[in-house]
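# Residue-level structural notes
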Amino acid sequence: MLKKGATTASILQFLRTGPGAAKLPPNVTKISLTYAFKGVNESQAAKKFLREGMPRLQYNNPNVEFAIIRSTDPQTAPVVTVHFGNQTKAIEIPPKYQNEDVCKLVFEAKP
C-alpha cells in the first residue's frame, strides 16, 4: 500500500509490480466494481481491491474502461463485472478474500 508523500519512483514501483500488474486479454473492454459503502455486505476485500488492485490494472491496461459503483443500499453484494465486448461475467467477491484473490478471479474470467 502506498503511503502519503510517496516518491514518484515508489508509486511507479507499486503500479508495475504486485497483484493486478499485468495485461488483461485483449477482448476485455471494461471492468466495474460494485459494493456497499456501509452495511451488512460491506466488503473489505472489495475496498482493498479498489485501493490496490484497480490502480495496477488501470495503469497496465490503459485501453480498458474502469467503473466504480458505491451503493448506499447495505444489501448490495460486492461484485466485479468483467465486460468482453457484448458479453459480461459477474464475479461475486467472498467476504474473506484478499486483493490477490480478487485479481486472480479477474484474470481467470472468461465470457
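Every value quoted in this text rests on a predicted model; they were computed, and no experiment measured them.

### A short note on the packing of aromatic side chains
Summed over all chains, the structure comprises zero aromatic pairs. Between the NZ or CZ atom of Arg-56 and the centre of the ring of Phe-14, over which it lies, the distance is 4.1 Å.

### Thoughts on the pattern of salt bridges
Scanning all chains against the criterion turns up one salt bridge. A salt bridge links Lys-48 to Glu-52; the shortest N-O distance between them is 3.6 Å. Separated by four residues within a single helix, Lys-48 and Glu-52 lie in helix α2 (residues 44-60), roughly one turn from each other.

### Examining the nonpolar core
Of all hydrophobic cores here, the largest spans 22 residues; its most connected members are Ile-31, Leu-33, Phe-49, Val-80, Val-82 and Val-106. Of all the secondary structure elements, the ones that give two or more residues to this core are β1 (30-36), α2, β3 (79-84) and α3 (99-108). At six residues, the largest contribution of residues to this core is made by α2. Contact partners of Leu-33, with chain neighbours within four places excluded, come to Ala-46, Phe-49, Leu-50, Met-54, Ala-67, Ile-68, Ile-69, Val-79, Val-80 and Ile-93.

### Focus: the sheet that holds strand β2 (residues 65-71)
Across a sheet, strands are paired by hydrogen bonds formed along the backbone, either parallel or antiparallel in direction. Overall, mixed pairing links the four strands, which are arranged β2-β1-β3-β4 in an open sheet. Edge strands, defined here as strands with exactly one partner in the open sheet, are β2 and β4 (87-92). Going across the sheet, the axis of each strand differs from the next one's by a mean of 15°, ignoring polarity. With five bridges joining them, β1 and β3 adopt antiparallel strand pairing.

Cut-off values and rules
Residues numbered from 1 in each chain as written. Predicted model: local features only at pLDDT ≥ 70, side-chain atom pairs only at ≥ 80, totals over all residues. Heavy atoms only, no water. Phe/Tyr/Trp six-rings, centres within 6.5 Å; stacked < 30°, edge-to-face > 60°. Lys NZ or Arg CZ within 6 Å of the ring centre and 35° of its normal. Salt bridge = Lys/Arg side-chain N within 4 Å of Asp/Glu carboxyl O. Helix = DSSP H or I, 4+ residues; strand = E, 2+ residues; numbered from the N terminus. Core = buried A, V, L, I, M, F, W, Y, C linked by side-chain atoms within 4.5 Å. Buried < 20%, exposed > 50% of the residue type's maximum accessible area, 1.4 Å probe, protein only. Contact = heavy atoms within 4.5 Å. Pairing = 2+ DSSP bridges. Axes fitted to C-alpha atoms, helices over the stretch in contact; angles between N-to-C directions.

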